[in-house]
Amino acid sequence: PLLRGVPAAQWRFAIGWHSGRGVLREMCAGVLGYLACAPVVLAGVGLTLLLMAVRAAMSGPVEQPSHPLGRMLGGASAGQVIALITLATVWAPVVEETVFRGALYHHLRGRLHWIVAGLIQAFIFAAIHPQGWMAIPALGSIGLSFSLLREWRTSIIAPMTAHALNNGTITLLLLVLFSV
């Protein structure tokens, strides 16, 4: 966009890189929105569990969805743990929210109804994660929740905050599980 002559301020606003109603207010909205979207996420997790049960009934034991972060945390040094937590709670939310809820959702939203745009970007968001196809409903529900926050707030600060909270919670749970 910048090379095509779109002013930088207009481009940043379009992808959600603005302070909305204030950074702190947007961050609080991210926390509250994350909690409010818990039923959507629980429905996605339930659908993933149902898919796993159906697959197990049809073809025997099913490999559980897992994340490479869990394997990396097992036996990691203190410095590596800090680096992994930083990647999961800072880097991933900033990059993924900029790409998925900033650029992709904004692009789709300009052409489609917000729910259709949210579902499409949520599916793509879920599919690129390494947990496997059965985790797509759970991860997609998280992506859809983040797009609801983007639609509500226009800024990506709220979805970034919710994403950081989600990843931080999961990372700390994995850390506790793999360090025991």
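Conventions and cut-offs
Residues numbered from 1 in each chain as written. Predicted model: local features only at pLDDT ≥ 70, side-chain atom pairs only at ≥ 80, totals over all residues. Heavy atoms only, no water. Helix = DSSP H or I, 4+ residues; strand = E, 2+ residues; numbered from the N terminus. Rg over C-alpha atoms; globule rule 2.2 N^0.38 Å. Buried < 20%, exposed > 50% of the residue type's maximum accessible area, 1.4 Å probe, protein only. Areas by Shrake-Rupley, 256 points an atom, 1.4 Å probe, with all protein chains shown as cover. Lys, Arg positive; Asp, Glu negative; His and termini not counted. Charge placed at Lys NZ, Arg CZ, Asp CG, Glu CD. Phe/Tyr/Trp six-rings, centres within 6.5 Å; stacked < 30°, edge-to-face > 60°. Polar contact = N/O pair within 3.5 Å; in protein donor to acceptor, adjacent residues only side chain to side chain. Contact = heavy atoms within 4.5 Å. 1 Å grid on protein atoms, 1.4 Å probe; cavity = no way out; pocket = protein on both sides within 12 Å on 5 of 7 lines; lining within 4 Å. Points joined across faces, edges and corners; volume = space filled by probe spheres on them.

**Quick notes on the overall build of the protein**
- Within the protein, the secondary structure is distributed over eight helices and zero strands.
- The helix and strand sequence of the protein, counted from the amino end, reads α-α-α-α-α-α-α-α.
- In summary, the protein has a C-alpha radius of gyration of 17 Å against a globular reference of 16 Å for 180 residues, a match within 12%.
- On the principal axes, the C-alpha backbone points of the protein span a range of 55 × 40 × 30 Å.
- Across the 180 residues in the protein, those meeting the buried criterion constitute 39%.
- Of the roughly 10100 Å² that the protein leaves accessible, carbon and sulfur atoms contribute 74%.
- Looking at charge distribution, the protein has the averaged site of its 11 positive side-chain charges lying 7 Å from that of its 5 negative ones.

**Some remarks on the packing of aromatic side chains**
- The tally for this structure, following the rule as stated, stands at two aromatic pairs.
- Ring geometry for F100 against F125: centres 5.4 Å apart, planes inclined by 80°, an arrangement best described as edge-to-face. With a gap of 25 residues between them, F100 in helix α5 (residues 78–109) and F125 in helix α6 (residues 114–127) connect regions that are remote in the sequence.
- Residue F125 is classed as buried on the basis of its relative accessible area of 3%.
- Arranged with centres 6.5 Å apart and planes meeting at 70°, the rings of F125 and F146 form a pair that is edge-to-face.

**Quick word on the side chain of H129**
- Inspection of the secondary structure puts H129 in the loop between α6 and α7 (136–153).
- At 2.6 Å, the side chain of H129 forms a polar contact with the backbone oxygen of F125.
- Look past the residues within four positions of H129 in its chain and what remains in contact with it is E96 and L139.

**Points about the layout of surface pockets**
- Within this model, the largest pocket holds a volume of roughly 1200 Å³.
- Lining the largest pocket are 41 residues, with H67, Q131, L139, I170 and L174 sitting closest to its centre.
- Listing elements by their share of the lining of the largest pocket, those giving two or more residues are α3 (38–59), α4 (68–73), α5, α7 and α8 (157–178).
- Sort the elements by how many residues they give to the lining of the largest pocket and α8 lands first, with nine residues.

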